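# What the coordinates show
As a plain string of letters, each chain reads:
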Amino acid sequence: MGVPARFAIEYPQRALELIGLLEDEARKRQLLGSFGLLAAAAILTIPYERMNAAHFLHREERDHDLVTQLKRLEKVPFLEAPFWPKPPDAELWRQSRIMASVDDVEKWRDERGQHPLAKGANTIGRRKASEVIRILRNALAHGNIIYLDKDGREIEGNVMVYMAFLSRYEAERLDQGQTYRVLVTTEDGFIQFV
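Procedures and definitions
Residues numbered from 1 in each chain as written. Predicted model: local features only at pLDDT ≥ 70, side-chain atom pairs only at ≥ 80, totals over all residues. Heavy atoms only, no water. Helix = DSSP H or I, 4+ residues; strand = E, 2+ residues; numbered from the N terminus. Contact = heavy atoms within 4.5 Å. Phe/Tyr/Trp six-rings, centres within 6.5 Å; stacked < 30°, edge-to-face > 60°. Buried < 20%, exposed > 50% of the residue type's maximum accessible area, 1.4 Å probe, protein only. Pairing = 2+ DSSP bridges. Axes fitted to C-alpha atoms, helices over the stretch in contact; angles between N-to-C directions.

### So, the environment of Val 102
By the element assignment, Val 102 lies in the loop between β1 (93-98) and α4 (129-142). Remark: the alpha-carbon pair of Val 102 and Val 182, spanning 80 residues in sequence, is separated by 9.7 Å. With residues up to four places along the chain from it excluded, the contact list for Val 102 reads Trp 108, Ile 146, Leu 166 and Tyr 180.

Set out below in structure tokens:
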């Protein structure tokens, strides 16, 4: 393949082709979560950055449609976003907050004092696509990903079932101390998104 005319579009298309070639092998080797993270850099992080009007390689005359599409994601709920090939299983996605240190998964608590994985703590249903994508982008860019077992615990050697993506609130929220947004999904949920 040659030099792409529109990197922010053609690069992820090429990556999707590779994902199609390699996903079955990742599943066989029980590496789906790691494969999803590898693929997410190509499908999410790099194009997301290149689509932003503030990016130094952005060309308004060529890329204005990409900025428009990003702005549309500010209005549509994540679970109803147009990028899903089929509607996602809402039970595979959770979003909440962590109001203290993230060092110990067992001690995670939201603003109401409940664990972010508790049934009543999930706010994904009212989150816009742009909010969720921002969490994923930040977590991927800074390595803020935690593998969790079937019980939502981080126990070395246990089989990974969930992936937690952490994003610290930006400066305007730091007056509340350490506050993080947390997004949790399964390996399959994440690879479906990717």
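### Describing the packing of aromatic side chains
Summed over all chains, the structure comprises 11 aromatic pairs. Between Phe 78 and Trp 84, the ring centres sit 5.3 Å apart and the planes meet at 75 degrees, which makes this aromatic pair edge-to-face. Judged on exposure class, the residue Phe 78 and its partner Trp 84 are both buried. Judged by centre distance (6.0 Å) and plane angle (70 degrees), the ring pair of Trp 84 and Trp 93 falls under edge-to-face. Residue classification places Trp 84 among the buried residues on the basis of a relative accessible area of 8%. An aromatic cluster is present here, built from Phe 78, Phe 83, Trp 84, Trp 93, Phe 165, Phe 190 and Phe 193 joined pairwise through their rings.

### Notes on the sheet that holds strand β4 (residues 180-186)
Across the sheet, which stays open at both edges, the four strands sit in the order β1-β4-β3-β2 with antiparallel pairing between neighbours. Pairing within the sheet leaves two strands with one partner each, and these edge strands are β1 and β2 (145-148). On average, adjacent strands in this sheet sit at an angle of 25 degrees to one another, irrespective of strand direction. The pairing of strand β3 (residues 162-168) with β4 spans seven bridges and is classified as antiparallel. The residue bridging Met 163 from the neighbouring strand is Thr 185, located in β4.

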